[in-house]
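# Summary of the model geometry
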Amino acid sequence: MAFTTSQSLVLRAPAASHPGGRLAAPSAGGRVALGGRGGSAFPSVVAAAAAASTSMAGLEDGDADRKETKLWGGRFEEGVTDAVERFTESISYDWQLYKYDVMGSKAHATMLASQGLMTASDRDIILEGLDQIERQIEEGKFEWRKDREDVHMNIEAALIERVGEPAKKLHTARSRNDQIQTDLRLWCRDAIDKILIRIKQFQVSLVMLASKYVDLIVPGYTHLQRAQPVLLPHLLLSYVEQLERDAGRLANCRERVNFCPLGACALAGTGLPIDRFQTAKDLKFTAPMKNSIDAVSDRDFVLEFLSANSIAAVHLSRIGEEWVMWASEEFGFLTPSDKVSTGSSIMPQKKNPDPMELVRGKSARVVGDLMTVLILCKGLPQAYNRDLQEDKEPLFDSVKTILGMLEVCTEFAQNISFNSERIQRSLPAGHLDATTLADYLVKKGVPFRTSHEIVGKSVALCVSKNNCQLSELQLEDLKAVHPAFEADVYEYLGVENSVNKFISYGSTGSNQVKKQLDDWCIQLEEWRI
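Every chain's residues receive numbers from 1 upward, in the order its sequence appears when written. Local features in a predicted model are, by the rule used here, given only for residues with pLDDT of at least 70; side-chain atom pairs are given and counted only at 80 or more, and totals for whole chains, interfaces and linings are based on all residues. The side-chain quantities take in all heavy atoms of the structure and omit both hydrogens and water.

Selection rule: UniProt positions are given in the numbering used here, feature names are shortened, and annotations may be inferred rather than shown by experiment.
Looking at an unreviewed UniProt entry, one finds the protein named Argininosuccinate lyase, with Urochloa decumbens as its source organism. Quoted verbatim from the Sequence similarities (unreviewed entry) field of UniProt, the annotation for the protein is "Belongs to the lyase 1 family. Argininosuccinate lyase subfamily."

Given below as structure tokens:
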């Protein structure tokens, strides 16, 4: 079973949902809609992004005459300075959490009403007001105000302006400390799902590429020196295996992300009779977090997410490095199409694999995002500290970058061809069949360490004979090195014979690679249309 190159890379998400590492279908039709390259992680946010930046454009200079009393300002007699306002605001980036802030507020209001902490009428007024605000944001009509600091205060203040007194009850038994944690966990949950989809897309493209070159033998390298012959599909599937582990780490991270901090309040919980299990259920969390201090101070889930992204980025960077080298004249093993290549402003002959160079380069950003949050968290006492405001920009950047890297890797894989003739002409160099020759001697009863030495001497003999191939040595030459060599030795020499002698599980032998390819075709079948 194999993928054909004519098959579309539009992906179909499996119907099952987490846990278990499988993704919920993101749309009723089962087709996965992915955001555009370089955009927000989430399609619904993309629509609001340009409008949001426009609505915030003049605030830094124009807010001085319209500042309002902070929602937390009861004990203060003076307002903060303009410098403090500018330095402490986060709305310039955390507006991206608006969908999740509205979602959490709706669940919280519903719970408060069910617990008798607000009336059903007030709940309905609040829910309708939140719906209106969300529509305003998505239509680009909502005004984000920096003097309201962050996404929470912007939405809450706008809700109070819109519906009046009922909105003042919304923050009952809630702090921004647990509110931001809830928003961020909901955001991360969706972000992980988006990345998992992109990983599957890249895996599909690699399997399709492997299916196109089933019998192509390429040099395998260790220390960037020629080592043994391997089938190209074997190499391509090694990337697929790495990506599968990346997906597994992200799916495991998602399981730990999926616990609800809402109701932990500032740090100590509340004396009001709230039902944290209800809000957790309504927001599709596994359960509420058990310890309120941990609930507001934990950033393990961010660190784990960034770590998983960093490992994936390193994998993509290694693929990028290999494909950049293989596209060079020195290798000439692959040719990218014009669709995924760029030129030079001065050298008219140049055709550069820039997308994969940038994949290699952007991995540094993703790893740097992890380092930023690790250092951010290392000296913080329990519980919440304002330092944690600084976790969002590296988190957002990491997700945006890894999504872009995966997307362009997929497109690159769809638009390259391997130069079979050039590769085949290169195969004689490097005595790639030497280890297979050592295995031959082992089968003749020669201890491996002795056979290693014998083959080393045989290679030295080849070098002395104008660097000829092992297969070009006469039987008499081989017997002069060791009498164990017999006429059947030539069945082990040459890259084709060498590859066919591999039989161990997971090896580069033709039968083993065919089984690996068939297994991946079956595993990824539900992801292609």
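We are not done yet, so read on.
## Regarding the overall build of the protein
Basically, it comes down to this: Numbering of helices and strands runs from the N terminus, with a helix taken as a DSSP run of H or I at least four residues long and a strand as a DSSP run of E at least two residues long. Relative accessibility thresholds used throughout: buried, under 20% of the residue-type maximum; exposed, over 50%; partly exposed, between the two (1.4 Å probe, protein chains only). Each accessible area is a Shrake-Rupley estimate made with a 1.4 Å probe; only the visible protein chains count as cover when residues are assessed.
On a plain count of helices and strands, the protein comes out with 20 helices and six strands. Out of the 529 residues belonging to the protein, those deemed buried represent 50%. Surface accessibility of the protein: about 24,200 Å² in total, with carbon and sulfur atoms responsible for 52%.

## Describing the environment of L97
The following threshold applies: By definition, residues are in contact when any of their heavy atoms lie within 4.5 Å.
For L97, the location among the structural elements is in the loop between α4 (91-94) and α5 (98-114). Sequence-wise, L97 and L186 are 89 residues apart; in three dimensions their C-alpha atoms are separated by 8.9 Å. Apart from the residues within four sequence positions on either side, L97 is in contact with V151, I180, D183, L184, W187, K392 and F396.

## Some remarks on the environment of A266
In this fold, A266 is placed in the loop between β3 (259-260) and α10 (276-282). Residue A266 is classed as partly exposed on the basis of its relative accessible area of 35%. Along the chain, A266 and A383 lie 117 residues apart, while their C-alpha atoms are 8.6 Å from each other. Leave out the neighbours within four places in its chain, and A266 touches S175, N177 and V296.

## Some remarks on helix α17 (residues 448-464)
Note the threshold: Take the number of residues in a helix, subtract one, and multiply by 1.5 Å to get its expected span. The arc in question is the one spanned by the directions pointing from the helix axis to the C-beta atoms.
Its 17 residues give α17 an end-to-end C-alpha distance of 24 Å, which sits within 8% of 24 Å, the value for a rise of 1.5 Å per residue. Taken together, the buried positions of α17 are S451, I454, V455, S458 and C462. Buried residues along α17 cover an arc of 95° about the axis, so they all sit on one side. Facing away from the buried side of α17 by over 90 degrees, the exposed positions are R449 and S464. Those residues of α17 that are buried lie in contact with α16 (434-443) and α18 (475-481).

## Focus on the pattern of salt bridges
So the rule is basically this: Any Lys or Arg side-chain nitrogen located within 4 Å of an Asp or Glu carboxyl oxygen qualifies as a salt bridge.
Applying the stated criterion to the full structure yields 26 salt bridges. In this structure, the salt-bridge partner of R176 is E149, at a minimum N-O distance of 2.9 Å. Remark: E149 occurs in the loop between α6 (120-138) and α7 (151-163) and R176 occurs in helix α8 (residues 176-212); sequence separation between them is 27 residues. A relative accessible area of 23% means that R176 is categorised as partly exposed. The partner of D298 in a salt bridge is R185, and the shortest N-O contact between them spans 2.7 Å. You can see D298 sitting in the loop between α11 (292-297) and α12 (300-326) and its partner R185 sitting in helix α8, a full 113 residues away along the chain. Exposure class is identical for D298 and R185. Each is buried. Members of the salt-bridge network, linked through shared partners, are K106, D131 and E134.

## Things to note about the pairing of strand β2 (residues 225-231)
The line we're drawing: Two strands form a pair only when DSSP identifies at least two bridges running between them.
Relative to β2, strand β1 (residues 217-222) is paired through six bridges, and the arrangement is antiparallel. Note that in β2 the partner of P219 across the bridge is P229. The turn joining β1 and β2, which pair antiparallel and follow one another in sequence, is formed by two residues; a positive phi near 55° is taken by H223.

## A short note on unusual backbone geometry
With an omega of 10°, the peptide bond running from Q382 to A383 counts as cis. Relative to the helices and strands, A383 is located in the loop between α13 (354-377) and α14 (392-414). For E149, which is not glycine, the phi torsion reads 75° and is therefore positive. Look at E149 and you get buried, because its relative accessible area is 6%.

## What to know about the nonpolar core
One broad rule of soluble globular proteins: the nonpolar side chains tend to lie buried together. Under the convention used in this document: Residues enter a nonpolar core if they are buried and are Ala, Val, Leu, Ile, Met, Phe, Trp, Tyr or Cys, with the set joined through side-chain atoms within 4.5 Å.
Of all hydrophobic cores here, the largest spans 109 residues; its most connected members are W187, F305, L316, W323, W326 and F418. If one sorts the elements of this core by residue count, α8 sits on top with 18 residues. If sequence neighbours within four positions are ignored, F305 has contacts with W187, C188, A191, I192, I195, L250, C253, L395 and V399. In terms of nonpolar packing, the next biggest core, distinct from the first, is built from 18 residues, C462, L470, F485 and L493 among them.

## Let's talk about the packing of helix α9 (residues 232-257) against α12
In a pair of packed helices, the angle between the axes and the distance between the axes together describe the arrangement. Rules: Axis lines are fitted to C-alpha atoms, over the contacting stretch for helices. Their N-to-C directions set the angle, which ranges from 0 to 180 degrees. Between 65 and 115 degrees an angle is taken as roughly perpendicular, under 35 as roughly parallel, over 145 as roughly antiparallel, and anywhere else as oblique. Note on convention: near helix rotated counterclockwise from far helix by under a right angle means a left-handed crossing. Clockwise means right-handed. Gly is put with the polar residues, along with every residue not named as nonpolar or charged; the nonpolar set is Ala, Val, Leu, Ile, Met, Phe, Trp, Tyr, Cys and Pro, and the charged set is Asp, Glu, Lys and Arg.
Put simply, α9 and α12 touch, their axes get as near as 8 Å, and they point 165° apart. Classified by the angle between their axes, α9 and α12 sit roughly antiparallel to one another. Between α9 and α12 the crossing geometry is left-handed. Here the contact of α9 with α12 is built from residues that sort into 17 nonpolar, four polar and six charged.

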